[in-house]
Amino acid sequence: MDCDRSFRVDPEQLQRRFRSLQRAVHPDRFGQRPPKEQYYSEQHSSLINKAYQTLLNPLSRGLYLLELSGVEPAQETDCDADSAFLMEIMEINEKLAEPKNKDNLEEVENLIKVKQEELTRKVTAAFEKDDLQEAKKLLAKMKYFANLEDKLKAKKIPS
């Protein structure tokens with residue numbers, strides 16, 4: 001995607017680059033080309049989509065940067081999260097387990113959003129200081145909130 005190796009990205013610039021690359025290799029442009037070129041077009045288009053989605057999302061972007069630096073991301077089983085953090089996650093999970101309540105869901109949604117923004121700022125600072133171990137710990141916490149966000153989305157789907 002021709003980006004700097006940095007956690008901080010300009011979403012508008014990233015989107016412009018994504019669209020430019022997709023215009024160049026999109027399979028629709030290769031419909032009348034030989035099968036080999038069609039195949040390469042499909043493969044490149046898929047890779048560009050994956051790269052864009054990875055770089056657009058702070059959690060996946062951070063995990064990718066750790067991988068590029070040779071740092072294994074924290075696994076759920078080896079998270080050394082403090083007990084206050086784990087209690088906070090448990091309390092949010094309990095709120096999500098309660099019967100559907102619009103006000104309750106909005107409260108949880110706002111809380112998750114605020115926490116993700118806060119963690120994103122901290123991860124940005126950790127990467128800018130080249131503190132990969134701190135970034136790794138913070139990204140592990142972001143995973144918890146991403147899981148909560150997924151549960152929230154599932155709860156909001158009408159059944």
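- The chain is annotated in an unreviewed UniProt entry as Co-chaperone HscB C-terminal oligomerisation domain-containing protein from Chloebia gouldiae.
- Under the UniProt heading Sequence similarities (unreviewed entry), the note attached to the chain is "Belongs to the HscB family."

Digging into the overall build of the chain
Reasoning step 1: Looking only at helices and strands, the chain features six helices and zero strands.
Reasoning step 2: Moving toward the C terminus, one meets the helices and strands of the chain in the order α-α-α-α-α-α.
Reasoning step 3: The C-alpha radius of gyration of the chain comes to 19 Å, more than 25% above the 15 Å expected for a compact globule of 159 residues.
Reasoning step 4: Taking the principal axes of the C-alpha coordinates as reference, the chain spans close to 60 × 45 × 30 Å.
Reasoning step 5: Going through the 159 residues of the chain one by one, you find that 31% of them count as buried.
Reasoning step 6: Summarising the internal contacts of the chain: among those between residues at least 6 apart in sequence, 67% fall at separations of at least 24.
Reasoning step 7: Here the chain displays about 10800 Å² of accessible surface, and carbon together with sulfur accounts for 49% of that area.
Reasoning step 8: Counting 27 positive and 29 negative side-chain charges, the chain places the centres of these two groups 5 Å from one another.

Regarding the UniProt feature "domain: Co-chaperone HscB C-terminal oligomerisation" (unreviewed entry) in the chain
Reasoning step 1: Sites flagged by UniProt as "domain: Co-chaperone HscB C-terminal oligomerisation" (unreviewed entry) map to residues 82–153.
Reasoning step 2: A distance of 26 Å separates the end C-alpha atoms of residues 82–153, which is 89% helix and 0% strand.

So, the nonpolar core
As a rule of thumb, nonpolar side chains are buried together in soluble globular proteins.
Reasoning step 1: Core analysis: the largest hydrophobic core is formed by 26 residues, its most contacted members being Leu66, Leu96, Val123, Phe127, Leu139, Phe145 and Leu148.
Reasoning step 2: Mapped onto this core, the elements with two or more residues apiece are helix H3 (58–68), helix H4 (83–97), helix H5 (102–128) and helix H6 (132–156).
Reasoning step 3: Sort the elements by how many residues they give to this core and H6 lands first, with ten residues.
Reasoning step 4: Apart from the residues lying within four places of it in its own chain, the contact partners of valine 123 are Phe7, Leu138, Leu139 and Met142.

Some points on the domain arrangement of the chain
Reasoning step 1: Per the domain assignment, the segments making up the chain are domain 1 (11–56) and domain 2 (76–156).
Reasoning step 2: Between the C-alpha centres of domain 1 and domain 2 the distance comes to 32 Å.

Here we look at the side chain of serine 41
Reasoning step 1: Structurally, serine 41 can be placed in helix H2 (residues 35–56).
Reasoning step 2: For serine 41, a relative accessible area of 4% gives the class buried.
Reasoning step 3: With residues up to four places along the chain from it excluded, the contact list for serine 41 reads Val25, His26, Pro27 and Phe30.

What to know about the packing of H2 against H3
Reasoning step 1: Interaxial distance between H2 and H3 falls to 5 Å at its minimum, and their mutual angle equals 100 degrees. Our classification of the angle between H2 and H3 gives roughly perpendicular. Here H2 contributes Gln53, Thr54, Leu55 and Leu56 to the contact with H3, which in turn contributes Pro58, Ser60, Arg61 and Tyr64.
Reasoning step 2: Broken down by class, the residue content of the contact of H2 with H3 amounts to four nonpolar, three polar and one charged.

What counts and how
Residue positions are given per chain, counting from 1 as you read along its sequence in written order. Totals for whole chains, interfaces and linings use every residue, but because this is a predicted model, local features are given only for residues with pLDDT of at least 70 and side-chain atom pairs only at 80 or more, for both listing and counting. No hydrogens and no water enter the side-chain calculation; it runs on all heavy atoms of the structure. UniProt positions are given in the numbering used here, feature names are shortened, and annotations may be inferred rather than shown by experiment. Counting from the N terminus, the helices are the DSSP runs of H or I reaching at least four residues and the strands are the DSSP runs of E reaching at least two. Every radius of gyration here is taken over C-alpha atoms, with the globule rule written as 2.2 Å times N^0.38, N being the number of residues. Buried, partly exposed and exposed residues are distinguished by accessible area as a fraction of the type maximum, computed with a 1.4 Å probe on protein chains only: under 20%, between the cut-offs, and over 50%, respectively. For this analysis, residues touch if any pair of their heavy atoms sits within 4.5 Å. Method for areas: the Shrake-Rupley scheme with a 1.4 Å probe, in which residue coverage is limited to the protein chains shown. Two residue types count as positive, namely Lys and Arg, and two as negative, namely Asp and Glu; His and chain ends fall outside the count. Note on charges: their place is set at NZ of Lys, CZ of Arg, CG of Asp or CD of Glu. What we call a nonpolar core is a set of buried Ala, Val, Leu, Ile, Met, Phe, Trp, Tyr and Cys residues that are connected through their side-chain atoms within 4.5 Å. Domains are outlined according to an automatic or database domain assignment. Here the axes come from fitting lines to C-alpha atoms, over the contacting stretch only for helices, and the angles between their N-to-C directions go from 0 to 180 degrees. Small angles under 35 degrees read as roughly parallel and large ones over 145 as roughly antiparallel, with 65 to 115 read as roughly perpendicular and the rest as oblique. When residues are grouped by polarity, Ala, Val, Leu, Ile, Met, Phe, Trp, Tyr, Cys and Pro land in nonpolar, Asp, Glu, Lys and Arg in charged, and all others, Gly among them, in polar.

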